[in-house]
2 protein chains.
Amino acid sequence: MQRIKNWACFGGQQQVWKHSSSTLGCSMEVAVYLPPQASETAKLPVLYYLSGLTCTWENMVSKAGAQRYAAEHGLILVSPDTSPRGVNLAGEDESYDFGSGAGFYIDATERPWAKHYRMYSYVTEELPALLAEHFPGADTARSGIFGHSMGGHGALVCAFRNPQRYKSVSAFAPIVAPSQVPWGEKAFSGYLGADRNSWAAWDATALASGTGWRKPVLIDQGMADEFLEKQLKPQLLANAAAAAGIPLTLRLQAGYDHSYYFIASFIGEHIAHHAQQLRR
Amino acid sequence: MQRIKNWACFGGQQQVWKHSSSTLGCSMEVAVYLPPQASETAKLPVLYYLSGLTCTWENMVSKAGAQRYAAEHGLILVSPDTSPRGVNLAGEDESYDFGSGAGFYIDATERPWAKHYRMYSYVTEELPALLAEHFPGADTARSGIFGHSMGGHGALVCAFRNPQRYKSVSAFAPIVAPSQVPWGEKAFSGYLGADRNSWAAWDATALASGTGWRKPVLIDQGMADEFLEKQLKPQLLANAAAAAGIPLTLRLQAGYDHSYYFIASFIGEHIAHHAQQLRR
């Protein structure tokens, strides 16, 4: 791993690293915020943030104001990119909601995507191993995960599929049922193929009934979000979670849209939610 | 004034307005954050933020995290642009440190700039009048001003020239003595002409000895700021302020650079500084 950026921020360091990903078969950038408490021996919890369509690590790092709260609670914040980059697949850059910038945090099975589009394994396996190796102060056994929109869904799927690996989860305006909305149908058709039976393993609402996840789930959703009705539909997950016995809090926030002004307004409460779970 | 953006943010509203400026002779955009306390009768103090070279209202609004603190303290935040826009003067867009994006918050006297480049009068006269007219809850008699780099200097000059109009001032990594550094020499030569005697009225360090300003001045300066040695030189103002009896606190922050990660880290303390002065 090679450090390519390093800004002093809220008493800690906002860094960006570049590394060759064996999972994705390309070079990737990942942002890591080390709070002031960080040291080689501090053993701080790790909180992953997964961004939405079209984003890189930079949107959250520059616009969410998360570093203040990570510094307050002593958490390491890790913000990966949203897809493999520069792998030169035909059609990769043709639309904002498929291909580059739109990896959906799943492992693709369809050609040509299956070779590179493996963001799930990258986030849940390769990144934790890299952090453990290069950041001795990162206690990767205490990890939480959250995200926005496509990344909110990614966080829910990572947590529901790995209730032992993650101790906390939350989401801002997540896609919750990709099998039932246009963004998800397009992405899953491309990455996973036409057989919808294969989609359930990557759909948070479908996963809810079978997961062992029983820790609190916090979701904030803006009521003025332009994608709420057609793409997000958080009630679908709230219903599935209630049926499955998962303690999910869905907060509908009047007036808020899908932007980082929404995320910034509530990210302090999300990080406090994670800090509380990660202290246990 | 026409509202062109409106985001819910920390319980208030981050707005952007477009208006025709009689002072500048062009159409301008200005961002206004109304905290949750805002109402037609609330009479909240107004805090102006002046951005640095190449910026618009957007840098501060999207990256500084200021809205949280404005909401806490009940302040209206006003972020104008950094120069007239679209006035089509020859040479206006040729460099990042002169012309568009680089108005320096002075009133130019040289042709062709004098007709449009009057950001000082825009900030100190036209904007307060517009706010008083369109935001009945804005108590423009209680106003503070701060800024970054070129805008930090603009804030100091506005305050020092108008100790009655502004009740508080602070700056992040400001230019403090434009007559003595390359950025200032280039800008003042162009806007004010070759006679350096005319520059003193727009130079914070030169103004210090004659101003009636006696309220606390807060300046934060990153020690890893790439512009510190050549363009900023805050000690020049610290010395002049000490000689003049102005209570100036210059905080040298180890490790911080010139970026918004630096500003975000300390803007909470700056807004608290203003809130304290504006309550008096």
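In the annotation of an unreviewed UniProt entry, chain A is listed under the name S-formylglutathione hydrolase and assigned to Ferrovibrio terrae. We quote the UniProt Sequence similarities (unreviewed entry) comment for chain A here in full: "Belongs to the esterase D family."

> Help me out: how do you make sense of the packing of aromatic side chains in this one?
Two aromatic rings, taken as a pair, are described by how far apart their centres are and by the angle between their planes. Counted under the stated rule, the structure contains 38 aromatic pairs over all chains. Ring centres of Tyr256 of chain B and Phe262 of chain B lie 6.0 Å apart, and the angle between their planes is 50 degrees; this geometry places the pair in the tilted category. Residue Tyr256 of chain B is classed as buried on the basis of its relative accessible area, which comes to 7%. Residue class for Phe262 of chain B comes out buried when judged on its relative accessible area of 0%. Pairwise contacts between aromatic rings join Tyr49, Phe146, Phe172, Tyr256, Phe262 and Phe266 of chain A into one cluster. The ring of Trp213 of chain B carries Lys215 of chain B above its face, with NZ or CZ at 4.6 Å from the centroid.

> Would you mind showing me how to read the state of the cysteines here?
A disulfide bridge is the covalent bond that connects two cysteines by way of their sulfur atoms. Here the structure, examined in full by the defined rule, presents 0 disulfides over all chains. Not part of a disulfide, Cys9 of chain A finds its nearest cysteine sulfur in Cys55 of chain B, a span of 17 Å. Its relative accessible area of 1% is what places Cys9 of chain A among the buried residues. Note on Cys55 of chain A: no disulfide assigned, nearest cysteine sulfur contributed by Cys158 of chain A at a separation of 17 Å. Note on Cys55 of chain A: relative accessible area 7%, which makes it buried.

> What should I look at first to understand the interface of chain A and chain B in this one?
Often, the extent of an interface is quoted as the loss of accessible area on bringing the components together. Each side of the interface is counted separately: chain A has 20 residues, and chain B has 20 residues. At the boundary of chain A with chain B, total buried surface from both sides reaches about 1700 Å², with 55% on carbon and sulfur atoms. The largest contributions to the chain A side of the interface with chain B come from Ala8, Phe10 and Tyr261 of chain A, which together make up 38% of the buried area. Taken together, the connections running from chain A to chain B amount to 8 residue pairs in polar contact (both at pLDDT 80 or more). Contributing elements (two or more residues each) for the side of chain A that touches chain B: strand E1 (2-9), helix H1 (57-63), helix H2 (66-73) and helix H9 (260-278) of chain A. At 4 residues, H9 of chain A tops the list of elements feeding residues into the side of chain A that touches chain B. Classifying every residue of the side of chain A that touches chain B by side-chain character gives 10 nonpolar, 7 polar and 3 charged.

> Explain helix H8 (residues 234-244) of chain A here, please?
Along an α-helix, a turn takes 3.6 residues, which lines up residues three or four apart on a common side. Residue and element names in this part refer to chain A. Buried residues of H8: Pro234, Leu237, Ala238, Ala240, Ala241 and Ala244, and no others. When H8 is viewed along its axis, its buried side chains cluster within an angular range of 170 degrees and face the same direction. Among the exposed residues of H8, those oriented more than 90 degrees off its buried face are Ala242 and Ala243. Summarising the contacts, the buried residues of H8 are in contact with helix H4 (150-161), helix H6 (204-208), strand E8 (217-222), helix H7 (228-232) and strand E9 (248-253). Directly beyond the C-terminal end of H8, a positive phi value near 80 degrees is found at Gly245.

How each quantity is defined
- Residues numbered from 1 in each chain as written.
- Chains lettered and ligands numbered in written order.
- Predicted model: local features only at pLDDT ≥ 70, side-chain atom pairs only at ≥ 80, totals over all residues.
- Heavy atoms only, no water.
- UniProt positions renumbered as here; feature names shortened; annotations may be inferred.
- Phe/Tyr/Trp six-rings, centres within 6.5 Å; stacked < 30°, edge-to-face > 60°.
- Buried < 20%, exposed > 50% of the residue type's maximum accessible area, 1.4 Å probe, protein only.
- Lys NZ or Arg CZ within 6 Å of the ring centre and 35° of its normal.
- Disulfide = S-S within 2.5 Å.
- Contact = heavy atoms within 4.5 Å.
- Buried area = accessible area lost by both parts, 1.4 Å probe.
- Polar contact = N/O pair within 3.5 Å; in protein donor to acceptor, adjacent residues only side chain to side chain.
- Helix = DSSP H or I, 4+ residues; strand = E, 2+ residues; numbered from the N terminus.
- Nonpolar A, V, L, I, M, F, W, Y, C, P; charged D, E, K, R; others polar.
- Arc of directions from axis to C-beta.

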